[in-house]
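# Observations on the model geometry
These are the residues of each chain, in order.
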Amino acid sequence: MNMRKIYQKIAKGNGVSVKEVRREMQAAIREAYTAPQNDNPITKAYQNRVPRQGEIPTPEELIRYLSGQAGRKNG
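Residues numbered from 1 in each chain as written. Predicted model: local features only at pLDDT ≥ 70, side-chain atom pairs only at ≥ 80, totals over all residues. Heavy atoms only, no water.

### Topic: helix α4 (residues 59-66)
Formally: In this scheme, a residue with accessible area under 20% of its type's maximum is buried, one over 50% is exposed, and one in between is partly exposed, where area comes from a 1.4 Å probe on protein chains only. Helix and strand assignments follow DSSP, with helices taken as H or I runs no shorter than four residues and strands as E runs no shorter than two, numbered in order from the N terminus.
Of all eight residues that make up α4, six are buried, and the element is covered over most of its length. Along α4, the residues classified as buried are Pro59, Glu60, Glu61, Leu62, Ile63 and Arg64.

### Focus: the packing of helix α1 (residues 3-14) against α4
Heads up, the condition is: The axes used here are C-alpha line fits, helices contributing only the stretch in contact, and every angle between their N-to-C directions lies in the interval 0 to 180 degrees. Oblique is the label for every angle not falling under 35 degrees (roughly parallel), over 145 degrees (roughly antiparallel), or within 65 to 115 degrees (roughly perpendicular). Any two residues having at least one pair of non-hydrogen atoms within 4.5 Å are treated as being in contact. Note that Gly is not counted as nonpolar here; it falls among the polar residues with everything else outside the nonpolar set of Ala, Val, Leu, Ile, Met, Phe, Trp, Tyr, Cys and Pro and the charged set of Asp, Glu, Lys and Arg.
Relative to each other, α1 and α4 sit at 100 degrees, their axes nearing to 11 Å. Between α1 and α4, the crossing angle belongs to the class labelled roughly perpendicular. Residue-level inspection shows Met3, Ile6 and Tyr7 of α1 in contact with α4, the latter providing Pro59, Glu60 and Ile63. Partitioned by chemical class, the residues of the contact of α1 with α4 number five nonpolar, no polar and one charged.

### Concerning the pattern of salt bridges
Proximity of charged atoms lets side chains of opposite charge pair with each other. Heads up, the rule is: Salt bridge criterion: a side-chain nitrogen from Lys or Arg within 4 Å of a carboxyl oxygen from Asp or Glu.
A complete count under the given rule lists one salt bridge for this structure. Between Glu60 and Arg22 there is a salt bridge; the shortest N-O distance is 2.8 Å. Remark: Arg22 occurs in helix α2 (residues 18-34) and Glu60 occurs in helix α4; sequence separation between them is 38 residues. With relative accessibility at 15%, the residue Glu60 sits in the buried group. Look at Arg22 and you get partly exposed, because its relative accessible area is 31%.

### A word on the nonpolar core
Stated precisely, the cut-off is as follows: We define a nonpolar core as any set of buried Ala, Val, Leu, Ile, Met, Phe, Trp, Tyr and Cys residues linked to one another through side-chain atoms lying within 4.5 Å.
Counting residues in hydrophobic clusters, the biggest one holds six residues: Met3, Ile6, Tyr7, Ala11, Val21 and Ile63. For this core, the leading source of residues is α1, giving four residues.

### Details of the environment of Val21
Here Val21 is to be found in helix α2. Using a relative accessible area of 7% as the deciding quantity, one classes Val21 as buried. Spatially, the C-alpha atoms of Val21 and Pro59 are 9.8 Å apart, while their sequence positions differ by 38 residues. Excluding its chain neighbours within four sequence positions, the residues that come into contact with Val21 are Tyr7, Ile10, Ala11 and Val16.

As C-alpha cells, then:
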C-alpha cells in the first residue's frame, strides 16, 4: 500500500483530511524525538535506528521503517 492510500484510509476512518492526518503524525513524531523524558541513551539508540534525512523522521520515513520497507521509496 502506498503512502497516499495509507493517509486516505486513516483520514476516512477518523473523519479528517489527509493533510490533518499527516500534520498530526508529524507533531507526534516531533514530540517523541524532542520530549525531555525521551532524552536518555536507550531511547536515543532506538530513535537512531530509524533512517531519516533530518534530525526528526517524517511520517513516511517512520512508516517505511516500521513496516520493514526502509530501503524502498514509494509514493
